[in-house]
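Reading the structure
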Amino acid sequence: MFKRTIAALAILAAILCLAVKVDAADTRHTKDDEWLIYWYVCGTNLEEEDFLATNDIAELQEVTLPTNIKVLIYANGAAKWQHQWIDKKGPGIYLYSSNGLDKLSSWKADMGSPDTLKKFLKFGEENFNPDHRILVFWDHGGVNGLCYDKAFDLNPKPEKEHHLTYDDLHNVFASVYGHSDRKPFELVGFDLCFSGS
């Protein structure tokens, strides 16, 4: 399923790159624009029991990306990863580009914390400074929030569930990108259980 999603995102990016001037002072997209797709993959039991994150990352690796589109992946939130690279190299930030999959940084943090999302987005901005951004969340979700990091729920009855709320997303976006009429992302996707609720 993710292969179709990433292919659709790549096609969307290509179409947007072909857009013409909206007015004489505004060229919103050009064919050489750099696109960065942030993929926040919180594996949890979906990965541990059914290899679902591994399957989606493997599907991504079947897509040949153009040089101006990159996928920055934060893979964490599972006690055990089945993906060959992530199992061997551990949780952290990975980059999938026209050069393949590479690990950029080892990092294990609570994916249900706004600080973790903020750090991930800042990493992308500081290292790539893209013209356009897409953000996709992957994990459990629901009406109360998303990215339930079970790896950090060590206490059977934790005082705080480790997940992001929708207010957290708003606050993180404002912290990283500031308050502006211009939205930081072309698209924000939720590949989550119950995301329709």
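Residues numbered from 1 in each chain as written. Predicted model: local features only at pLDDT ≥ 70, side-chain atom pairs only at ≥ 80, totals over all residues. Heavy atoms only, no water.

So, the state of the cysteines
Applying the stated criterion across every chain, the model contains zero disulfides. Here cysteine 42 stays free of any disulfide, with the sulfur of cysteine 147 as its closest cysteine sulfur at 5.3 Å. Judged by relative accessible area, which is 0%, cysteine 42 ranks as buried. On the accessibility criterion, cysteine 147 (0% relative accessible area) is buried. (Disulfide = S-S within 2.5 Å. Buried < 20%, exposed > 50% of the residue type's maximum accessible area, 1.4 Å probe, protein only.)

What to know about helix α5 (residues 114-128)
Taking 1.5 Å as the rise per residue, α5 with 15 residues should run 21 Å; its terminal C-alpha atoms sit 21 Å apart, in good agreement. Within α5, burial applies to Thr116, Leu117, Phe120, Leu121, Phe123, Gly124 and Glu125. Buried residues in α5 make contact with β1 (35-42), β2 (69-76), β3 (92-97), β4 (100-106), β5 (132-139) and α6 (166-177). Where α5 begins, the capping side chain belongs to serine 113, and its oxygen is found 3.2 Å from the backbone nitrogen of aspartate 115. Backbone geometry just after α5 places asparagine 129 at a positive phi near 45 degrees. (Helix = DSSP H or I, 4+ residues; strand = E, 2+ residues; numbered from the N terminus. Expected span 1.5 Å × (residues − 1). Contact = heavy atoms within 4.5 Å. Polar contact = N/O pair within 3.5 Å; in protein donor to acceptor, adjacent residues only side chain to side chain.)

A look at the nonpolar core
Membership of the largest hydrophobic core comes to 27 residues, with the highest contact counts inside it found for Tyr38, Tyr40, Leu121 and Phe137. When residues of this core are traced back to their parent elements, those giving at least two are β1, β2, β3, α5, β5 and α6. A per-element tally of this core places α6 first, with five residues. The contact partners of tyrosine 40, leaving out residues within four places of it in the chain, are Tyr74, Met111, Ser113, Thr116, Leu117, Phe120, Val136, Phe137, Trp138, Cys147 and Leu164. Residues Ala53, Val63, Ile69 and Tyr94 belong to the second largest nonpolar core, which totals 23 residues. (Core = buried A, V, L, I, M, F, W, Y, C linked by side-chain atoms within 4.5 Å.)

A word on the packing of aromatic side chains
Taken as a whole, this structure holds eleven aromatic pairs when the rule is applied. On the numbers, 6.3 Å between centres and 85 degrees between planes, the contact of tyrosine 38 with phenylalanine 185 is edge-to-face. With tyrosine 38 in strand β1 and phenylalanine 185 in the loop between α6 and β6 (187-192), this pair connects stretches of sequence that are 147 residues apart. Taking relative accessible area as the criterion, tyrosine 38 reaches 0% and is therefore assigned buried. With 6.0 Å between their ring centres and 35 degrees between their planes, tyrosine 74 and phenylalanine 120 make a pair best called tilted. Placement of the pair is tyrosine 74 in strand β2 and phenylalanine 120 in helix α5, with a sequence separation of 46 residues. Overall, tyrosine 74 belongs to the buried group, its relative accessible area being 0%. One aromatic cluster is present, formed by Tyr38, Tyr40, Tyr74, Trp107, Phe120, Phe137, Tyr166, Phe173, Tyr177, Phe185 and Phe190 through successive ring pairs. (Phe/Tyr/Trp six-rings, centres within 6.5 Å; stacked < 30°, edge-to-face > 60°.)

What about the environment of glycine 77?
Inspection of the secondary structure assignment puts glycine 77 in the loop between β2 and α4 (84-89). What makes glycine 77 buried here is its relative accessible area of 0%.

What to know about the pairing of β1
Burial runs high along β1: eight of the eight residues are buried. Residues Trp35, Ile37, Trp39 and Val41 of β1 are buried on one face, and the alternating residues Leu36, Tyr38, Tyr40 and Cys42, pointing to the opposite face, are buried as well. Sheet topology places β1 next to β2; eight bridges connect them, and they run parallel. Along β2, the bridge assignment pairs tryptophan 35 with isoleucine 69. The pairing of β1 with β5 spans seven bridges and is classified as parallel. Bridging from a neighbouring strand, tyrosine 38 pairs with leucine 135 of β5. (Pairing = 2+ DSSP bridges.)

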